[in-house]
Amino acid sequence: MTRKRVAVLISGRGSNMTALIEAAAAPDYPAQIALVLSNEPDAAGLGRARLAGIATAVVDHRPFGQDREAFERALDETLHAHRIDLVCLAGFMRLLTPWFVTRWSGRMLNIHPALLPQFKGLHTHRRALEAGMQRHGATVHFVVPEMDSGPIVLQDSVPVREGDTEQTLAARVLEVEHRIYPQALRLVAEGRVTLAAATTATRG
Ligand code: GRF
């Protein structure tokens, strides 16, 4: 088995990154985490990745100013330098342009803390509580140019409990994230789910 070389892109604490690293430690896992890349030099996840013996890189977006494509060219070069096959966005807080998304089409996943297509964007837990949802959850999807809109690979839900706060709900959803992201990456790395197949399934 040739294991796919995966880059995990982060901006912060990297708990989903850690879940992927732990899953990829299993000998039968079809992917290896070959690189953890952050746009934030101080991201806590970078230290966690180094402790796990994973190569890390920082591409700080700030020196590029408004030039998003120049930033993304630097990202793309770093990914190619590490011979990356698949990209997992895991709390990566930069919007990506169609140029970059198209280059990695079918090879880039994101995790979103809501049951897409509900609650795209930020503050999903607060919005789910405000909407009085009985269930909430997380989704792994292929990345397409439109934000939080790509075909779904996996999603799962948890109950919203009486007295839940944004924090308690976020913690319950995070457990789902840590479970489904490694499962989704496995499906994609094994070629059992492709963008084309997920697109057909999403359209019904
Ligand atoms: C997660 O909730 C993820 O779904 C969202 O940002 C958060 C990142 O958390 N996109 P972590 O850095 O993986 O701990």
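Residues numbered from 1 in each chain as written. Predicted model: local features only at pLDDT ≥ 70, side-chain atom pairs only at ≥ 80, totals over all residues. Heavy atoms only, no water.

Enquirer: Just checking my understanding: could you explain the overall build of the protein for this structure?
Expert: Along the protein, the regular secondary structure elements total seven helices and seven strands. The order of helices and strands in the protein, counted from the N terminus, is β-α-β-α-β-α-β-α-β-α-β-β-α-α. A compact globule built from 204 residues should have a C-alpha radius of gyration of about 17 Å, and the protein, at 16 Å, falls within 12% of that. Principal-axis analysis of the C-alpha atoms places the extent of the protein at approximately 50 × 40 × 35 Å. For the protein, the proportion of contacts with a sequence separation of at least 24, taken over those separated by at least 6, is 63%. (Helix = DSSP H or I, 4+ residues; strand = E, 2+ residues; numbered from the N terminus. Rg over C-alpha atoms; globule rule 2.2 N^0.38 Å. Contact = heavy atoms within 4.5 Å.)

Enquirer: Help me understand the sheet that holds strand β1 (residues 4–10) in this model?
Expert: Pairing between the strands of a sheet is mediated by backbone hydrogen bonds and can be parallel or antiparallel. Taking strand neighbours across the sheet as the criterion, the seven strands line up as β3-β2-β1-β4-β5-β6-β7 in an open arrangement whose pairing is mixed. Single-partner strands in this sheet number two, and they are β3 (56–58) and β7 (152–159). Pairwise comparison of adjacent strand axes, ignoring direction, gives a mean angle of 20° for this sheet. Each of β1, β2 (31–38), β4 (86–89) and β5 (108–112) is contacted by helix α1 (residues 15–24), which is oriented at about 155° to β2, the strand it contacts most. Sitting on the sheet, helix α6 (residues 166–189) is in contact with β1, β2, β4, β5, β6 (135–142) and β7, with an inclination near 155° to β7. (Pairing = 2+ DSSP bridges. Axes fitted to C-alpha atoms, helices over the stretch in contact; angles between N-to-C directions.)

Enquirer: Whenever I open this one, the site of the ligand confuses me. Can you help?
Expert: The environment of the ligand is formed by R13, G14, S15, N16, G91, I111, P113 and E177. For the ligand, an oxygen atom lies 2.9 Å from a polar atom in the backbone of G14. The contact in question runs from a nitrogen atom of the ligand to an N or O atom on the backbone of I111, over 3.4 Å. Look at the ligand: alone it shows 360 Å² of surface, and the protein chains cover 84% of it. Put simply, the ligand lies in the largest pocket. (Near = heavy atom within 4 Å. Polar contact = N/O pair within 3.5 Å; in protein donor to acceptor, adjacent residues only side chain to side chain. Areas by Shrake-Rupley, 256 points an atom, 1.4 Å probe, with all protein chains shown as cover. 1 Å grid on protein atoms, 1.4 Å probe; cavity = no way out; pocket = protein on both sides within 12 Å on 5 of 7 lines; lining within 4 Å. Sits in = over half its atoms within 2 Å of the grid points.)

Enquirer: What is the right way to look at α6 in this model?
Expert: Note on helix geometry: an α-helix contains 3.6 residues per turn, so any two residues three or four positions apart are oriented the same way. Spanning 24 residues, α6 covers 33 Å between terminal C-alpha atoms, matching the ideal 34 Å at 1.5 Å per step. Phi for G191, located one or two positions after α6, is positive at around 75°. (Expected span 1.5 Å × (residues − 1).)

Enquirer: Mind showing me how you'd approach the pattern of salt bridges here?
Expert: Opposite charge on two side chains lets them pair, provided their charged atoms get close. Going through the model one piece at a time under the given rule, you end up with nine salt bridges. The partner of E166 in a salt bridge is R126, with the nearest N and O atoms 3.4 Å apart. Within this pair, whereas E166 is found in helix α6, its partner R126 is found in helix α5 (residues 124–130), the two being separated by 40 residues in sequence. The salt bridge involving R192 is made with E190; its shortest N-O contact spans 2.5 Å. For R192, a relative accessible area of 58% corresponds to the exposed category. You can call E190 partly exposed: its relative accessible area is 33%. In this structure, a network of salt bridges that share partners links the residues D28, R186, E190 and R192. (Salt bridge = Lys/Arg side-chain N within 4 Å of Asp/Glu carboxyl O. Buried < 20%, exposed > 50% of the residue type's maximum accessible area, 1.4 Å probe, protein only.)

Enquirer: Help me understand the nonpolar core in this model?
Expert: Most often, soluble globular proteins keep nonpolar side chains buried together rather than apart. In terms of nonpolar packing, the biggest core is built from 42 residues, with V8, I33, V36 and L185 touching the most fellow members. Here this core gets 10 residues from one element, more than from any other, and that element is α6. Residues A7, L35, L37 and F71 belong to the second largest nonpolar core, which totals 21 residues. (Core = buried A, V, L, I, M, F, W, Y, C linked by side-chain atoms within 4.5 Å.)

Enquirer: Sorry, what's going on with the side chain of H112 here?
Expert: For H112, the position within the fold is in strand β5. Looking at H112, the relative accessible area reads 3%, which means it is buried. In this structure the side chain of H112 is engaged in a polar contact, spanning 2.6 Å, whose partner is the backbone oxygen of F119. When sequence neighbours within four positions are dropped, the list of residues in contact with H112 reads F119, K120, G121, T124, G137, A138, T139, H141 and D148.

Enquirer: Mind showing me how you'd approach the domain arrangement of the protein here?
Expert: How big an interface is tends to be stated in terms of the accessible area lost upon association of its parts. Looking at the assigned domains, one finds that the protein contains domain 1 (1–104) and domain 2 (112–204). Contacts between domain 1 and domain 2 engage 20 residues on the former and 15 residues on the latter. Together, N16, Y29 and V101 form the three largest contributors to the area buried by domain 1 at its contact with domain 2, with a combined 28%. Each residue belonging to the side of domain 1 that touches domain 2 can be placed in one class, and the counts come to 15 nonpolar, two polar and three charged. (Domains from an automatic or database assignment. Buried area = accessible area lost by both parts, 1.4 Å probe. Nonpolar A, V, L, I, M, F, W, Y, C, P; charged D, E, K, R; others polar.)

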